[in-house]
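# Coordinate analysis (summary)
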Amino acid sequence: MSELRNKYDFMFFFDVKDGNPNGDPDAGNLPRIDAETGDGLVTDVCIKRKIRNYFQTVSPDKYGFDIFVKEKAVLNNMIGAMYDEQNGGRVPTTPAESQEFEDKTQAGMCRKYFDIRAFGAVMSTGNKEEAEGASDSAESAEEEKGDKKKKGAGKGKIVKKAGQVRGPVQFTFSRSVEPVIAQEHAITRMAVTNEKDIEKERTMGRKFTIPYGLYCGYGFISPQLAGKTGFTEEDLQELWKAMENMFEFDHSAARGLMSLRKLIVFKHDSALGDRPAQELFDRVKCERVTEGPARSFCDYIINVDGKSNKKVFEEIPAKL
């Protein structure tokens, strides 16, 4: 696998029609909206969830593309299993050995799980377990000072953890290019949940949608961090595929029709980059070509350096 040597900045456009792209649990699952401007918002976590779901669908058994943060996963158990696998079930007896075991576990987690390799993860939450011959932990051993005696061999607590990983791929929140409105719809069901409600003819519910919204998000890829997690050029190409298809495996009635419309990638010639990211993003213009409320992607045109390209994926040199 080839090492990632170039810095990348990218921006992407996606739209939603008659759906809720990202419900806010603190607001009764209403679509997320900037209260001051009316712009629609989609969190970075939402986008990363769709990318994770893509790999779970298309590469469920491919080593290196397993997903760490997934439904019903018990993260500490997964960390513990890798800890035992990488360290042969041995128990650290010194702080230095404890750190060595943690580093080996972290490297193993990066190799196995794509989302750790790309987005990073907090894996310092391992379960405490009793083990014969273990010192309590590297931290507790270092805190033993003065009249306190160091704990000798015997039963001690070990924490099977893998530290923290900062991922090379980072996303911003996505924001709609124009203000959006959230509509509330009353829905009915010709059945009841409980027997006590059997006399009722139907039950009522609520559904929230955005008639139409075009959103823009930004992302950044650091080759320096990629070298630490093992994120490669091959991983990068898989990431682009995932972004192009992330909505194709995530359709639901609640989300309406969501589609990726444009993925614009700026490739730098070096690891440090050629131009500031904002200067590159300013080369992309999204403009309205119709009047009245927007209701389709045809109401907009996206130009890069003054030119329009109908291709969804477009890679452009950062240096003009």
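Rules used in this analysis
Residues numbered from 1 in each chain as written. Predicted model: local features only at pLDDT ≥ 70, side-chain atom pairs only at ≥ 80, totals over all residues. Heavy atoms only, no water. Helix = DSSP H or I, 4+ residues; strand = E, 2+ residues; numbered from the N terminus. Buried < 20%, exposed > 50% of the residue type's maximum accessible area, 1.4 Å probe, protein only. Contact = heavy atoms within 4.5 Å. Pairing = 2+ DSSP bridges. pLDDT = per-residue confidence, 0-100. Phe/Tyr/Trp six-rings, centres within 6.5 Å; stacked < 30°, edge-to-face > 60°.

Okay, the environment of Leu260 next. Within the secondary structure, Leu260 is located in strand 13 (residues 257-267). A relative accessible area of 10% places Leu260 in the buried class. The sequence separation of Leu260 and Met243 amounts to 17 residues, and the corresponding C-alpha distance is 7.7 Å. Contacts of Leu260, omitting those with residues within four sequence positions, involve Phe12, Phe13, Phe14, Met243, Glu244, Met246, Phe247 and Val312.

Our focus in this paragraph is the sheet that holds strand 15 (residues 300-304). Strands sit in the order 14-15-16 across an open sheet of 3 strands; the sheet is antiparallel. Looking at which strands have only one partner, the edges of the open sheet turn out to be strand 14 (284-288) and strand 16 (307-308).

So, about the confidence of the model for the chain. Atomic detail in the predicted coordinates should be set aside for any region of low pLDDT. Per-residue confidence for the chain gives a mean pLDDT of 90; residues scoring 70 or more make up 91%. Note on residues 137-154: pLDDT under 50 across the span, and 15 contacts to partners over four residues away in sequence or across chains.

Another point: the packing of aromatic side chains. Within this structure, the stated rule accounts for 21 aromatic pairs. Here the aromatic rings of Phe65 and Phe114 are separated by 5.6 Å at their centres, their planes lie at 15 degrees, and the arrangement is stacked. With a gap of 49 residues between them, Phe65 in the loop between helix 1 (44-58) and helix 2 (75-87) and Phe114 in helix 4 (residues 114-119) connect regions that are remote in the sequence. Here Phe65 and Phe114 have matching classes, each one buried.

What follows covers the pairing of strand 10 (residues 174-179). Examined bridge by bridge, strand 4 (residues 39-42) and strand 10 share 3 bridges and lie antiparallel to one another. Bridge assignment links Asp39 to a residue of strand 10, and that residue is Pro179. Note: strand 10 against strand 12 (residues 203-221), 2 bridges, orientation antiparallel. Bridge pairing in strand 12 places Ser176 opposite Tyr215.

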